[in-house]
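# Geometric and topological summary
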4 protein chains.
Amino acid sequence: MISVGIIGGTGYTGKYLIEYCTKHPYIKDFNIYAKTSAGENLHSVFPQLVGTVEDQTINSVENISLNHDAYFIALPHGESLNYIPSLESTNKLVIDLGGDYRLDEESLYEKWYNYTHSSSYLLSKKVYGLADESIDYTNTNLISNPGCYPTGSLLALLPLVKNFSENILSISISAYSGTSGAGKSPKADLMLSEMDGNVKAYNVNKHRHLPEIAQELAKAGYNRNLSFTTHLLPISKGIYTTCSIHLKNELDENSILETYKNDYTNSNYIRLRTTPPDLSWVVNTNYCDINICLSGKTLIITSAIDNLIKGASGQAMQNMNQYFGWENTLGIMDSKLNVIDKKLISA
Amino acid sequence: MISVGIIGGTGYTGKYLIEYCTKHPYIKDFNIYAKTSAGENLHSVFPQLVGTVEDQTINSVENISLNHDAYFIALPHGESLNYIPSLESTNKLVIDLGGDYRLDEESLYEKWYNYTHSSSYLLSKKVYGLADESIDYTNTNLISNPGCYPTGSLLALLPLVKNFSENILSISISAYSGTSGAGKSPKADLMLSEMDGNVKAYNVNKHRHLPEIAQELAKAGYNRNLSFTTHLLPISKGIYTTCSIHLKNELDENSILETYKNDYTNSNYIRLRTTPPDLSWVVNTNYCDINICLSGKTLIITSAIDNLIKGASGQAMQNMNQYFGWENTLGIMDSKLNVIDKKLISA
Amino acid sequence: MISVGIIGGTGYTGKYLIEYCTKHPYIKDFNIYAKTSAGENLHSVFPQLVGTVEDQTINSVENISLNHDAYFIALPHGESLNYIPSLESTNKLVIDLGGDYRLDEESLYEKWYNYTHSSSYLLSKKVYGLADESIDYTNTNLISNPGCYPTGSLLALLPLVKNFSENILSISISAYSGTSGAGKSPKADLMLSEMDGNVKAYNVNKHRHLPEIAQELAKAGYNRNLSFTTHLLPISKGIYTTCSIHLKNELDENSILETYKNDYTNSNYIRLRTTPPDLSWVVNTNYCDINICLSGKTLIITSAIDNLIKGASGQAMQNMNQYFGWENTLGIMDSKLNVIDKKLISA
Amino acid sequence: MISVGIIGGTGYTGKYLIEYCTKHPYIKDFNIYAKTSAGENLHSVFPQLVGTVEDQTINSVENISLNHDAYFIALPHGESLNYIPSLESTNKLVIDLGGDYRLDEESLYEKWYNYTHSSSYLLSKKVYGLADESIDYTNTNLISNPGCYPTGSLLALLPLVKNFSENILSISISAYSGTSGAGKSPKADLMLSEMDGNVKAYNVNKHRHLPEIAQELAKAGYNRNLSFTTHLLPISKGIYTTCSIHLKNELDENSILETYKNDYTNSNYIRLRTTPPDLSWVVNTNYCDINICLSGKTLIITSAIDNLIKGASGQAMQNMNQYFGWENTLGIMDSKLNVIDKKLISA
C-alpha cells in the first residue's frame, strides 16, 4: 500500500487522478496540492465527487510532503520544474503530466517553450511514458507522461514507422480536440457562447506537441516530411487524429495490420478497428481505438482517445501500475473488466 | 451467484444493464435477448464495450430461458405484457423497466396507454420500485421500475408532499430530458441536424408519466393542482426537473430541509445540495441531486438525474441489490466508493 | 435619414445592432462607442462582419457625440445611468437595452439591483418597450427595452392575464436560456468544457427579471402567486419559456386562443402555433412563437425567442422603427419578407 | 423577372433556395417540386418559414412545369438524371446541386457512383460551377454545382495548384462536416443521441467527392499524391477543411498570398484571413474564409464554409446571378452589404 501526492490536483486531469487513487486497491491514501485552491475543500472544487471521494482540505504546493511514495504532477508547463528535481532526488516515483521533461534536447525548450531549462540533466534520465509501447522503467524514477495529442498520434503511427519508415513519403497529422485540453481557466474564446457549433485550427505549425511527435518518430526511424495541425471541437472531451501518409511504393494492408497486432499484442488498451472509430467509443475510457485504411499508396490511419484519460491521467495511472509491476487496469477500471483479445475488431 | 436475463437488452438502457451485470460480483453470467438484433454479436451492437464485456450472441426473445434467477425487461410499453406474466409465475425476480405495470388502476391503461391490460392482476401485486424510498420487497417478485421523469420528479417532491401536503396550493413540474430517453430507433425530429441548438416541449398534458407521478403523489397525500410539462434538450443524457410549488402559508426552509434529510437518511444515492445542481454532476452516475429554495410562499425544488441510470438501469440494478439484500452499490459503482454522508452539501 | 450611436456596441447585442443599422434604409451612418474596446477596429472585434459591415474605429464612451438622432445603449446595468440622463435631455430617441429604467419604482432598484437610482425621475417618463404590445410612444423619448426573459414570459402571458386574471390561481414560469445572455466576459462556469451537456438553474427566486415580470403582470391585473425560475442551456442562443397556469375554473381553449389572436392582430412578429414551438424556429429571427395547451384547469403556454434578437436588439430596432412611424421590419428583415397572416399556424 | 422551379425543394438545401428566391428582386415566382412531400404545404414542411415565405402547395416531381426560366435540382444523386436532359433541352437554365454531372468522364460514374450514366453527352456540355473562380457560362445552360467538400477544398487549393504545382510533393485534405450534409432522412447513426459529443471519419478513400477534387486539381495542373478524408462533427452546419501540403522546395509566404489575392480579386465571397478562421464566422453566410500558414516546406491551408450555403444553395444562387449577369449578391444577402475589400483580413 502506497501513499500518493497529486500536485496541481484541482484541474481537469486532477479529477481523474483523484478518482483513480480512490478506487486503487494499493493506494492507502493521497493528498492533493494546489496553488490557488489551497485551503479549499475537495468537495467544493469538485461537487460531482461528493459521495464517491471523501472530502479533504487541499494543501498548498508550498508544503509538499516528502513522505509520499509516488507523485503525480499536473501543473502548467514551466511550473513542474520548480518541484520535480527535489522530488526526483528522493527516489520516489515522479510522474509529470506536463511537458517540462518530454523533449530530450535542452535547446528545444528554448525554441518551443521559450524558457531555459533549469534541470536539463533530468531530460536524459527520464523515460517517455507512452504506456502502450514496451517501456523499460528500470533505470529511472521520473516518467514524463506524453502529451494528449502525441499520445493519439504516436499510437497511430509508431508501428508503421518502426517497420516501414523507408517507404514513407510524407506524414500529415490533423488532430481535433475537445476544449478541456485547454484547461479550466476562463478564456473568452473557449466560452460556450463562442465555441457552440464552432471549429477552428490553432497554433498551426507552432504547437508544442509537434517537436514531441517529431522526436519520437525520429527515434523510430522517420525524420522527413511531417505536418501537424491542431483544432478545437465544440465538445468537452476527446481527441480525434487523422494521419494521412503518402507512400513511395504500394504496401499490403494485411502486412501493416499484422505489424500493429504484433506491436500491441501486450497492450490491453489498444483496440484495432475495422472501421474508423467513433470518438464516443473511447470517451470516459483509457482506450485508444485505431483504424488503418489503405488505398494504393494512400494510407489513412485514424485514432480516437479521451484526452484527459488516455491522453493524461489514465495513461499516468497505467504508467504507475506498470512501474510498480501491478496489473495495469488497477484504479482505472474494474479488474473484472479486461477481456480484450487481439483479433481485429469489427464494429 | 445468480444468472440474469436481459430482455430487450440492445437499447440504451440495455447497455448499462450489461455493464452492471459484468461488474457485479454476485452475477455469474447473463444472457441478452432482443427482437431485431437477435443473432447479432454484442460487440457489433455496442462497439464501445469491446474489451470490457465479453462478446456473446444475442438471443431471440422467442427463446427466453426460464433458468435465470432474475430478469430485466427493457422493452417498449405494450411488449412487456407478452413476457412478464409467465416469467413472474416462476417466482424469479422480474424487474420491468417499461411502463406496463407502473400504474395501479387498469382503467388508466385504457386512457393513457391506449390498450386493454392483459395481466391486470399483477398491477396490485407489483411493487413500484422508487429505490431510494423505503420499499417493502417481501410480498412480490415483480418490481415495476419507475419512469425516468417520475424518478426525478418524485424524488424531488415526495418528502415535501408526505409532510406538508395540506399547505400546498399547486405544483408545476417542468422537466427537460436528453434525447436518449426517446430510444435508439431513428426518428427524423431527433436527428442531430434537427436537435442541434434546439429545445422543444412535447406531449404537453399528454405524457404517460403524468398519471404515474399523480398516482404516487396521491398515495403520499396530494391530489390537487398538478401540471407536468416535458421538453427535449440538445444533449444525449440527463433529466433536469424544476418543481414550482405555491404554498398556502409560509414555511420554514430548515424544517423542509430536515424532512428531506430524514426521509433520505438511508439512501446513499440522494445528494442534497445548497445550490441548484449542475446536470453534469450526475450524468454517468446513479445519483439524484436535489436543491430546495424557499422564498415566502414560493418553493422551487430542482433535481438532476441521469435518465438512463438513476432513471432506468441504475435504479433497476439498485432494486435488484436491495431485493436480494445486497449492498446497493454492487455492479453500479466500485464498493470502495460509498462515502456519502447526510449533511447538506455545499457546492 | 438618421444618424445612430450604439453605446456598448461590442457585446453580443451590439453585433446585431450593427448589422441592423447597416441594412436599415433610413440610417445614413452610425458610430460605435465602447469602454475596453475603444480604439480597436470593428473588424477585429467582429471578424465575422468583414464584408458585410464597413470597418470603423470604435470610439470611447467618454466621447459620445450629441449629434446622433437616436441612441442604443447596451451597457451592463448600473452603467446606463451615467449616460442616459444627458442624452435623454437632448430629446433624441434613447433606447436602453439594459435594466436601469425597466422598473417603475425607485425602491425596487435598492432591493433587486443593490443601488440607489440617480435619475429616478425618468422611471415614470420612460415607456416600457414590449414592442408587440400596443405602445404609445408619444410622450417620451426614452424607451426601456424589456429584458430577454420578460420578453418571452410576458408575450406568452399578457393576453391571458389581461382577460382572465380573476380565474388564475397560480403562475409558474420556467425559462431556459442559451449562455449568450450572460455576455461575452470570460467566466469559468460558462466555458464550453463546463457547459457541454450541462443544464442548471441559477438565481432561483433572485433573478432581476422577476420584479420586471411581476410589475407588468400587475399592471395587466394579476398580482398573486407567481414563480420564475431561470436555467442555462448548453447552447449559445435562444430562450424557451414554459408557463404553467393553474386555473380556478375551467376555461374554453378557443376563447383563450381568440384573445391571443385579437391582442396580437397587429403584430407581425408573433406566431401562434398549434404545437409547442421548436426553439430552432425562432433562432436568428425577431419572432416570438407561442403555443397554448389547455387541459381541464391546467394551462401550459410555451414561447420561444432568440434572446439576442427578439429579447434584445431586434426588439430595440423594432421599437425605433415604431417610434419613428416606419415599417417595423426595416433593418431587421428584408421588407419583402412580411407575409405573416393571423390565422393559427399548424406546424 | 423570372420564374423558378425548385426540384427536390423540401430538403435542407431546398430551404435556402426558397428563402433566396423569396428575397430575390428579379424572381417573380417559384414552385417547389418534391417526391414524398408532394401535396403537403410548404409551411408544414418548414414551420420556421411562416411569416417570411408565403405558403404554397408542394408539387409532384411528376408534374414539373416547363414554363420556368430556371431550375434548381436538389435531388439525391442518380435521380437528377431522370429530369435534367429534358429540362436542359428547353434551353432554360438548369443548375444541378447533386453529383450527377460533376465528373467529366463517364467511366468515373461506373467506378464511384455505381451506375451507368444515361446522359453522358451532357458531361462535356455542362460547366462546373465553382462560382468564385472565373467561369465562362456562355456555351451552356447546364451548371453542375460543386459538392460541399470540393467547394471548401478547391477554393483553398486552386490558386496554389495553378501557380506552384511543380513544387508540390503531396496534398492531404482532412475535412470535417456538420451532419446536415447527410440530408434529412432519419438514420440511426446521425441521431443526436449518437452524435452528441461524437466525431468520426467515414467513407475513407471512398468518398465520391474525392474524384471530383482530383479532377479539378488535375485540370489546374496537379495529379500526384492526394488524400481526402471526411469526418462528421457533432454540429448541424459547416465544413472545416485543413489541407496539409508538403513542398519540394521552400516558398515565400507572401508570394503565395499574392497568388490568392490575385486569383480572388473579383470574388466578393472569399475572405483571406491572417489566422485560421472560426467555422462560426461563415455559418449562415455564403463566404469562404481561407488562411495560409507556411513553415519551411510545410504549408497548411485552412478553409471554412457553410455546407448548405456556400457548399450548396448559396453557390447555386450565385451561379444563377452570374449566369444572368446580375449582381451576385441578389437573393443571398442585402445588396447594401457588399463592402469586402481585397486586403488581407486580420481577425
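Remember, it's a predicted structure, so these values are computed and weren't measured experimentally.

## Regarding the overall build of chain A
Across its full length, chain A carries 9 helices and 14 strands. On C-alpha atoms alone, chain A measures out to a radius of gyration of 20 Å, which is about the 20 Å that the 2.2 N^0.38 rule sets for 347 residues. Judged by the C-alpha coordinates and their principal axes, chain A covers about 60 × 50 × 45 Å. Classification of the 347 residues of chain A by burial places 66% in the buried group. Taking the contacts inside chain A whose residues are at least 6 apart along the sequence as the reference set, 70% of them involve residues at least 24 apart. For chain A, the exposed area adds up to about 11200 Å²; of that, 45% sits on carbon and sulfur atoms.

## A short note on the confidence of the model for chain A
In low-pLDDT regions, the fine details of the predicted coordinates are not to be read closely. Residues and elements named next belong to chain A. Taken as a whole, chain A shows an average pLDDT of 95; of its residues, 96% reach a score of 70 or greater. Across residues 337-343, where pLDDT falls below 50, the model places 23 contacts with residues more than four positions away in sequence or in other chains. At the level of chain-chain contacts, confidence expressed as ipTM amounts to 0.95, with global pTM at 0.96.

## Overview of the interface of chain A and chain D
Chain A puts 37 residues into the contact, and the matching count from chain D is 37 residues. At the boundary of chain A with chain D, total buried surface from both sides reaches about 3000 Å², with 59% on carbon and sulfur atoms. Our count for the chain A to chain D interface comes out at 2 salt bridges. Residues Lys-200 of chain A and Asp-278 of chain D are paired through a salt bridge, measuring 3.9 Å at the closest nitrogen-oxygen approach. Along the contact surface separating chain A from chain D lie 25 residue pairs in polar contact (both at pLDDT 80 or more). Those elements that provide at least two residues to the side of chain A that touches chain D are strand 8 (168-177), strand 9 (200-202), strand 10 (226-232), strand 11 (239-247), strand 13 (288-295) and strand 14 (298-305) of chain A.

## Some points on the interface of chain A and chain C
At the junction of the two partners, chain A supplies 19 residues and chain C supplies 19 residues. In total, about 1500 Å² of surface goes out of reach between chain A and chain C, with carbon and sulfur atoms giving 58% of it. On the chain A side of the contact with chain C, Met-191, Leu-192 and Ser-193 of chain A bury the most area, a combined 42% of that side's loss. The interface formed by chain A and chain C includes 12 residue pairs in polar contact (both at pLDDT 80 or more). By residue class, the composition of the side of chain A that touches chain C is 9 nonpolar, 6 polar and 4 charged.

## Comments concerning the packing of aromatic side chains
Aromatic ring pairs are defined here through the distance separating the ring centres and the angle between the ring planes. For the structure shown, the criterion picks out 46 aromatic pairs over all chains. Ring geometry for Tyr-109 of chain C and Tyr-115 of chain C: centres 5.6 Å apart, planes at 25°, overall stacked. Classification of Tyr-109 of chain C by relative accessible area gives buried; the value is 0%. When the ring of Tyr-16 of chain D is compared with that of Tyr-20 of chain D, the centres are 6.3 Å apart and the planes differ by 45°; the resulting orientation is tilted. Of this pair, Tyr-16 of chain D and Tyr-20 of chain D both sit in helix 1 (residues 12-23), 4 residues apart, which is roughly one turn of the helix. Owing to a relative accessible area of 5%, Tyr-20 of chain D belongs among the buried residues under this scheme. In this structure an aromatic cluster arises from ring pairing among Tyr-26, Tyr-137, Tyr-323, Phe-324 and Trp-326 of chain A. In this structure, Lys-15 of chain A is placed above the aromatic ring of Tyr-16 of chain A, and the distance from its NZ or CZ to the ring centre is 4.5 Å.

## A closer look at the domain arrangement of chain A
All names here are of chain A. Taken as a whole, chain A is organised into domain 1 (2-146 + 310-323) and domain 2 (149-307). One C-alpha centre belongs to domain 1, the other to domain 2; they are set 24 Å apart. Taken together, the contact pairs 25 residues of domain 1 with 34 residues of domain 2. Summing both partners gives a buried area of about 2300 Å² for domain 1 against domain 2, and 53% of it is carried by carbon and sulfur. A salt bridge links Glu-212 to Arg-102, with the shortest nitrogen-to-oxygen separation between them at 3.4 Å. Across the domain 1-domain 2 interface, the total number found is 17 residue pairs in polar contact (both at pLDDT 80 or more). The set of elements that each furnish at least two residues to the side of domain 1 that touches domain 2 consists of helix 1 (12-23), helix 4 (106-113) and helix 9 (309-324).

## Observations concerning the pairing of strand 10 (residues 226-232) of chain B
All names here are of chain B. Among the 7 residues in strand 10, 7 count as buried, and that is most of the element. Two elements, strand 8 (residues 168-177) and strand 10, share 7 bridges in a ladder whose sense is parallel. Residue Tyr-176 lies in a different strand from strand 10, and its bridge partner there is His-231. Two elements, strand 9 (residues 200-202) and strand 10, share 3 bridges in a ladder whose sense is antiparallel. Counted as the bridge partner of Lys-200 is Leu-232 from strand 10.

## What to know about unusual backbone geometry
Even without being glycine, Asn-91 of chain C reaches a positive phi, approximately 70°. Along the chain, Asn-91 of chain C falls in the loop between helix 3 (84-88) and strand 5 (93-96). The residue Asn-284 of chain D is not glycine, and still its phi comes out positive at about 70°. Note that Asn-284 of chain D resides in the loop between strand 12 (270-273) and strand 13 (288-295). On the basis of relative accessibility, which here comes to 43%, the residue Asn-284 of chain D falls in the partly exposed class.

## Topic: the environment of Leu-123 of chain D
Residue and element names in this part refer to chain D. Relative to the helices and strands, Leu-123 is located in the loop between helix 4 (106-113) and strand 6 (127-128). Sequence separation between Leu-123 and Glu-212 is 89 residues, and the spatial gap between their C-alpha atoms is 13 Å. Apart from residues lying up to four places away in sequence, Leu-123 is in contact with Asp-100, Tyr-101, Leu-103, Asp-104, Glu-105, Glu-106, Tyr-109 and His-117.

## Topic: the relation of the copies chain A and chain D
At an RMSD of 0.0 Å, chain A and chain D line up after a rotation of 180° and a shift of 0.0 Å along the axis. Within this description, the copies of the chain are treated as partners about a two-fold rotation axis. Most of the interface of chain A is mirrored in chain D, where 100% of its interface residues are also at the interface.

## Section: the layout of surface pockets
Over the atoms, a rolling probe the size of a water molecule traces out where space has been left empty. Residue and element names in this part refer to chain B. One number sums up the size of the second largest pocket: a volume of about 1600 Å³. If you go around the second largest pocket, you meet 48 residues; those closest to its centre are Pro-76, Gly-181, Ala-182, Gly-183 and Lys-184. Among the elements of the structure, helix 1 (12-23), helix 4 (106-113), helix 6 (148-164), strand 9 and helix 10 (309-324) are those that each provide at least two residues to the lining of the second largest pocket. Classifying every residue of the lining of the second largest pocket gives 17 nonpolar, 21 polar and 10 charged. When residues are assigned to domains, the lining of the second largest pocket turns out to be shared by domain 1 (2-146 + 310-323) and domain 2 (149-307), each giving three or more.

Calculation rules
- Residues numbered from 1 in each chain as written.
- Chains lettered and ligands numbered in written order.
- Predicted model: local features only at pLDDT ≥ 70, side-chain atom pairs only at ≥ 80, totals over all residues.
- Heavy atoms only, no water.
- Helix = DSSP H or I, 4+ residues; strand = E, 2+ residues; numbered from the N terminus.
- Rg over C-alpha atoms; globule rule 2.2 N^0.38 Å.
- Buried < 20%, exposed > 50% of the residue type's maximum accessible area, 1.4 Å probe, protein only.
- Contact = heavy atoms within 4.5 Å.
- Areas by Shrake-Rupley, 256 points an atom, 1.4 Å probe, with all protein chains shown as cover.
- pLDDT = per-residue confidence, 0-100.
- Buried area = accessible area lost by both parts, 1.4 Å probe.
- Salt bridge = Lys/Arg side-chain N within 4 Å of Asp/Glu carboxyl O.
- Polar contact = N/O pair within 3.5 Å; in protein donor to acceptor, adjacent residues only side chain to side chain.
- Nonpolar A, V, L, I, M, F, W, Y, C, P; charged D, E, K, R; others polar.
- Phe/Tyr/Trp six-rings, centres within 6.5 Å; stacked < 30°, edge-to-face > 60°.
- Lys NZ or Arg CZ within 6 Å of the ring centre and 35° of its normal.
- Domains from an automatic or database assignment.
- Pairing = 2+ DSSP bridges.
- Least-squares fit on C-alpha atoms with pLDDT ≥ 70 in both.
- 1 Å grid on protein atoms, 1.4 Å probe; cavity = no way out; pocket = protein on both sides within 12 Å on 5 of 7 lines; lining within 4 Å.
- Points joined across faces, edges and corners; volume = space filled by probe spheres on them.

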